[in-house]
Amino acid sequence: MRTEFTITTPGPGLTEITDRIAAWLPRRDGCLTLFVRHTSCSLLIQENADPDVCRDLEDWIARLVPHATDPAMSWLRHRSEGPDDMPAHIKAAHLPVSLSIPVADGEMTLGTWQGIYLWEHRDRGRSRSVSAYLS
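Description of the structure in this document. Computed from a prediction, not measured in an experiment: that's the story for all the values here. (Residues numbered from 1 in each chain as written. Predicted model: local features only at pLDDT ≥ 70, side-chain atom pairs only at ≥ 80, totals over all residues. Heavy atoms only, no water.)

**What to know about the layout of surface pockets**
The computed volume of the largest pocket comes to approximately 170 Å³. As for the largest pocket, its lining consists of 13 residues, and the residues nearest its centre are Pro12, Glu58, Ile61, Ala62 and Lys91. Of all the elements in the fold, those that place two or more residues in the lining of the largest pocket are α2 (51-64) and β7 (114-120). For the lining of the largest pocket, the element with the highest residue contribution is α2, accounting for three residues. Residue classes in the lining of the largest pocket are distributed as six nonpolar, three polar and four charged. (1 Å grid on protein atoms, 1.4 Å probe; cavity = no way out; pocket = protein on both sides within 12 Å on 5 of 7 lines; lining within 4 Å. Points joined across faces, edges and corners; volume = space filled by probe spheres on them. Helix = DSSP H or I, 4+ residues; strand = E, 2+ residues; numbered from the N terminus. Nonpolar A, V, L, I, M, F, W, Y, C, P; charged D, E, K, R; others polar.)

**Notes on helix α3 (residues 85-94)**
When α3 is considered as a whole, its buried residues turn out to be Asp85, Pro87, Ala88, Ile90, Lys91 and Ala92. Tucked inside the fold, the buried residues of α3 contact β4 (41-47) and α2. (Buried < 20%, exposed > 50% of the residue type's maximum accessible area, 1.4 Å probe, protein only. Contact = heavy atoms within 4.5 Å.)

**Thoughts on the sheet that holds strand β5 (residues 98-104)**
Spatially, five strands are ordered β1-β8-β3-β5-β6 in an open sheet, and the strand pairing comes out antiparallel. Two strands lie at the open edges of the sheet, namely β1 (2-8) and β6 (107-108), each paired on one side alone. Judged from the seven bridges that link them, β1 and strand β8 (residues 127-134) form a sheet pairing that is antiparallel. The residue bridging Phe5 from the neighbouring strand is Val130, located in β8. (Pairing = 2+ DSSP bridges.)

**Here we look at the pattern of salt bridges**
In this structure the tally under the stated criterion is six salt bridges. Close ionic contact of Arg27 with Glu107 constitutes a salt bridge, the shortest N to O distance being 3.7 Å. Of the two residues, Arg27 is situated in the loop between α1 (18-24) and β3 (30-36) and Glu107 in strand β6; the sequence distance between them amounts to 80 residues. Arg55 is the partner of Asp52 in a salt bridge, and the nearest nitrogen-oxygen pair spans 2.6 Å. Remark: Arg55 and Asp52 occur in helix α2; sequence separation between them is three residues, near one turn of the helix. Look at the salt bridges and you will find they share partners, linking Asp84, Asp85 and Arg122 into a network. (Salt bridge = Lys/Arg side-chain N within 4 Å of Asp/Glu carboxyl O.)

**Things to note about the side chain of Thr9**
Summarising the element assignment, Thr9 is placed in the loop between β1 and β2 (13-16). Residues within four places of Thr9 in sequence aside, it is in contact with Thr15, Leu118, Glu120, Gly125, Arg126 and Arg128.

**Points about the nonpolar core**
Leu32, Leu34, Leu43, Met108 and Val130 are the most contacted members of the largest nonpolar core, which has 20 residues in total. Among the secondary structure elements, those contributing two or more residues to this core are β1, α1, β3, β4, β5, β7 and β8. Formed by eight residues, the second largest nonpolar core is a distinct cluster that contains Leu14, Leu57, Leu95 and Trp119. (Core = buried A, V, L, I, M, F, W, Y, C linked by side-chain atoms within 4.5 Å.)

**Overview of unusual backbone geometry**
Most of the time, phi is negative for any residue but glycine, and the peptide bond is trans. In this structure, Asp105 is a non-glycine residue whose phi angle is positive, near 50 degrees. For Asp105, the position within the fold is in the loop between β5 and β6. Judged by relative accessible area, Asp105 falls into the partly exposed class, the value being 46%.

**Comments concerning α2**
At 3.6 residues per turn, the α-helix brings residues three or four places apart onto the same side. Here α2 spans 20 Å end to end across 14 residues, near enough to the 20 Å set by a 1.5 Å rise per residue. Within the sequence span of α2, burial applies to Cys54, Leu57 and Ile61. Down the axis of α2, the smallest arc covering the buried residues is 60 degrees, so these residues share one side. Away from its buried face, by an angle of more than 90 degrees, α2 presents the exposed residues Asp56 and Arg63. Contacts made by the buried residues of α2 are with β2, β4, α3 and β7. Capping of α2 at its N-terminal end is provided by Asp50; its side-chain oxygen lies 2.9 Å from the backbone amide nitrogen of Asp52. (Expected span 1.5 Å × (residues − 1). Arc of directions from axis to C-beta. Polar contact = N/O pair within 3.5 Å; in protein donor to acceptor, adjacent residues only side chain to side chain.)

Shown next as structure tokens:
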């Protein structure tokens, strides 16, 4: 069983998509594979109870990989799509673009405080495609 989810992001940061994925699952066991079909965003399983966790992660990645306008990034060659583009590719190269999640009787076996996030690395919101496959 498979489908595509279109996720519209509001801009950079973590957008929780757990409920959308859960609503699609049929009442059966299997392995859910999610794959984001873009090279400037990521998928992540992370705590969804305290929003400070997401904010801290967003601050961490921004410090780790600043915009191309930052003097520390002067070595970047790919700049044709804006100062956020190549840093977004670097972030996506370091973070997951696919996830595998066990499903039992139609429910993802996520931990109590875990949620699934699409992490937008570009400066403005975009329409992102996430492929889902339940085997």
